[in-house]
Amino acid sequence: QFVMNGLRFGAYQILDNAGVTRGDDGRVLFLRSVAAGGLTGCVSAWIGNPLFVVKTRLQAQSSSPQLIVGEQHKYRSFLDGLCKIYQSHGMKGLWKGGYASVV
């Protein structure tokens, strides 16, 4: 969340400082603000998706055989998860579900 929100708010502020969200008179324009917010939200969701994939898989891990649901991924740490996903699925695996997070 930190990465995605940091990117989203930071990128939006850069667009706002550049005057993208404001008219010639300096007032905030609603449609431009919505477009800038949507664009920065999509970009941050796409960039942060690999972190979200690993976080979700780590949270879904279960040490109890009675609680196991679906496919289990045995990652020792966050970095181990990133490495194992990359080794088994390549870069494409890190962005699994990325389209859905952008839409």
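In this text, all values refer to a predicted model and were calculated from it rather than measured experimentally. (Residues numbered from 1 in each chain as written. Predicted model: local features only at pLDDT ≥ 70, side-chain atom pairs only at ≥ 80, totals over all residues. Heavy atoms only, no water.)

1. Regarding the environment of Tyr-99
Within the secondary structure layout, Tyr-99 lies in helix H4 (residues 98–102). A relative accessible area of 64% means that Tyr-99 is categorised as exposed. Expressed as a C-alpha distance, the spacing of Tyr-99 and Ala-45, which sit 54 residues apart in the sequence, is 9.1 Å. (Helix = DSSP H or I, 4+ residues; strand = E, 2+ residues; numbered from the N terminus. Buried < 20%, exposed > 50% of the residue type's maximum accessible area, 1.4 Å probe, protein only.)

2. Looking at the side chain of Asp-16
Topologically, Asp-16 is positioned in helix H1 (residues 2–17). Once you skip the residues sitting within four places of it in the chain, Asp-16 turns out to touch Thr-21 and Arg-22. (Contact = heavy atoms within 4.5 Å.)

3. Remarks on helix H3 (residues 78–94)
Every α-helix carries 3.6 residues per turn, so stepping three or four residues along brings you back to the same face. For H3, spanning 17 residues, the distance from its first C-alpha to its last is only 13 Å, which falls clearly below the expected 24 Å at 1.5 Å a residue. Buried within H3 are the following residues: Asp-80, Gly-81, Ile-85, Gly-93 and Leu-94. The inward-facing, buried residues of H3 contact helix H2 (30–60). (Expected span 1.5 Å × (residues − 1).)

4. A short note on the packing of H1 against H2
Between H1 and H2, the shortest axis-to-axis distance is 8 Å and the interhelical angle comes to 150 degrees. As the angle between them shows, H1 and H2 are arranged roughly antiparallel. Where H1 crosses over H2, the handedness of that crossing is right-handed. From H1, Val-3, Met-4, Leu-7, Arg-8, Ala-11, Tyr-12 and Leu-15 reach across to H2, where they touch Ser-33, Ala-36, Gly-37, Thr-40, Gly-41, Ser-44, Ala-45, Ile-47, Gly-48, Leu-51 and Phe-52. Taken together, the residues of the contact of H1 with H2 break down into 11 nonpolar, six polar and one charged. (Axes fitted to C-alpha atoms, helices over the stretch in contact; angles between N-to-C directions. Parallel < 35°, antiparallel > 145°, perpendicular 65-115°, else oblique. Left-handed = near helix turned anticlockwise from the far one by under 90°. Nonpolar A, V, L, I, M, F, W, Y, C, P; charged D, E, K, R; others polar.)

5. Here's the deal with a nonpolar patch on the surface
A grouping of Phe-2, Val-3, Leu-7, Leu-39, Val-43, Trp-46, Ile-47, Leu-51 and Phe-78 is seen on the molecular surface, where their side chains present a nonpolar patch of about 830 Å² in accessible area. Listed by contribution, the elements that provide at least two residues to the nonpolar patch are H1 and H2. For the nonpolar patch, the leading source of residues is H2, giving five residues. Inspection of the secondary structure assignment puts Phe-78 in helix H3. (Patch = residues over 30% accessible without salt bridge, like charges linked within 9 Å, V, L, I, M, F, W, Y side chains within 5 Å. Areas by Shrake-Rupley, 256 points an atom, 1.4 Å probe, with all protein chains shown as cover. Salt bridge = Lys/Arg side-chain N within 4 Å of Asp/Glu carboxyl O.)

6. Thoughts on the pattern of salt bridges
Tallied over the full model, the rule gives four salt bridges. One salt bridge connects Arg-22 with Asp-16, and the closest N-O pair in it is separated by 3.3 Å. Here Arg-76 and Asp-80 are joined by a salt bridge, their closest N and O atoms 3.8 Å apart. Relative accessible area serves as the criterion here: at 73%, Arg-76 is assigned to the exposed category. Salt bridges here are not isolated pairs; linked through shared partners, they connect Arg-76, Asp-80 and Lys-84.

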